[in-house]
Amino acid sequence: LNDYQPKAGFPSYLRVALGWNNLHPTQEEGGAEISIIEDRPYRGGSFSHHKISFTKPRVQTEALFAKHSEVSDTVILVLHGHVSNMYKVLGLDVPDYMRVAGAHWFDKGADVIAFNLTHKSGGSSRNNRLLMIYGSHLYGLQSRTICDAANALNLRERYRNVYVYL
């Protein structure tokens, strides 16, 4: 990802297809509001629970950002499927098909951000219907959440390696 060069025009096409500019505040306006709900100890380091909020439509997502006490040069952004959640990714809930991947990478030295994008099909359907009224959809919300969080948390500046695990 660090050396990837997008095809000319593709980023603009993708933003339109995902309805990125229909989620407010737009990235040009500074992106989603990101606030910390709590900080807690985690496996010799800590994690911060972040709320990521859009005002139009009024939707929120969440993420757990697990950081080591000592500076890591790698961060992994973990995206789970439709029925897992950020707690399972970090081993804070009963394991599932994600096999506590985030906890495993954290134990190997990487900082980890586990996003809570879709964890109940009913909630995903309701959010997607709302987003479609505003000209976006669930994948637009998910990708904007990840990109806005990465920008707000200065991941490209803080880490030598930024990886996404799907």
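See above for the structure.
These remarks concern the structure in this document.

Along the protein chain, the regular secondary structure elements total 6 helices and 6 strands. For the protein chain, whose C-alpha radius of gyration is 16 Å, the value lies close to the compact-globule estimate of 15 Å for 166 residues. Considering only C-alpha atoms, the protein chain reaches an extent of 45 × 35 × 25 Å along its principal axes. Classification of the 166 residues of the protein chain by burial places 42% in the buried group. Within the protein chain, counting contacts between residues at least 6 apart in sequence, those at least 24 apart form 65% of the total. Split by element, the accessible area of the protein chain, about 9,400 Å² in all, is 53% carbon and sulfur. On the protein chain, the mean spot of the 18 positive side-chain charges and the mean spot of the 15 negative ones are 7 Å from each other.

Take the side chain of His 49 next. As for its position among the elements, His 49 is in strand S2 (residues 45-55). At 2.6 Å, the side chain of His 49 and the side chain of Glu 62 are in polar contact.

Next up on the list: the environment of Glu 33. On the secondary structure map, Glu 33 appears in strand S1 (residues 33-42). Considering only alpha carbons, one finds Glu 33 and Ser 72, 39 residues apart in sequence, at a separation of 25 Å.

This part takes up the nonpolar core. Formed by 22 residues in total, the largest nonpolar core has its most connected members in Phe 54, Phe 65, Val 75, Leu 77, Ile 113, Phe 115 and Leu 155. When residues of this core are traced back to their parent elements, those giving at least two are S2, strand S3 (58-67), strand S4 (74-78), strand S5 (111-116) and helix H5 (138-152). No other element matches the 4 residues that H5 contributes to this core. Ignoring anything within four residues of it in the chain, the contact list for Leu 77 reads Ile 113, Phe 115, Ile 146, Leu 155, Val 162, Tyr 163, Val 164 and Tyr 165.

You can see Ala 103 is positioned in helix H3 (residues 101-107). Among the residues examined, Ala 103 registers a relative accessible area of 3% and is labelled buried. Here the alpha-carbon distance between Ala 103 and Gly 140, two residues 37 residues apart in the chain, equals 27 Å. With sequence-adjacent residues up to four places away left out, Ala 103 is seen in contact with Tyr 42, Arg 43, Val 89, Leu 90 and Gly 91.

Applying the stated criterion to the full structure yields 4 aromatic pairs. Consider the rings of Tyr 42 and Phe 47, whose centres lie 6.0 Å apart with planes at 75°: the pair is edge-to-face. Considered together, Tyr 42 and Phe 47 belong to a single accessibility category, that of buried residues. Measuring from centroid to centroid gives 4.7 Å for Trp 105 and Tyr 165, while their planes differ by 65°, and the two rings are edge-to-face. Of this pair, Trp 105 sits in helix H3 while Tyr 165 is found in strand S6 (residues 161-165), placing the two residues 60 residues apart along the sequence. An aromatic cluster is defined as three or more aromatic residues linked by ring pairs; in this entry it consists of Tyr 42, Phe 47 and Phe 106. In this structure, Lys 67 is placed above the aromatic ring of Phe 65, and the distance from its NZ or CZ to the ring centre is 4.4 Å.

Calculation criteria
- Residues numbered from 1 in each chain as written.
- Predicted model: local features only at pLDDT ≥ 70, side-chain atom pairs only at ≥ 80, totals over all residues.
- Heavy atoms only, no water.
- Helix = DSSP H or I, 4+ residues; strand = E, 2+ residues; numbered from the N terminus.
- Rg over C-alpha atoms; globule rule 2.2 N^0.38 Å.
- Buried < 20%, exposed > 50% of the residue type's maximum accessible area, 1.4 Å probe, protein only.
- Contact = heavy atoms within 4.5 Å.
- Areas by Shrake-Rupley, 256 points an atom, 1.4 Å probe, with all protein chains shown as cover.
- Lys, Arg positive; Asp, Glu negative; His and termini not counted.
- Charge placed at Lys NZ, Arg CZ, Asp CG, Glu CD.
- Polar contact = N/O pair within 3.5 Å; in protein donor to acceptor, adjacent residues only side chain to side chain.
- Core = buried A, V, L, I, M, F, W, Y, C linked by side-chain atoms within 4.5 Å.
- Phe/Tyr/Trp six-rings, centres within 6.5 Å; stacked < 30°, edge-to-face > 60°.
- Lys NZ or Arg CZ within 6 Å of the ring centre and 35° of its normal.

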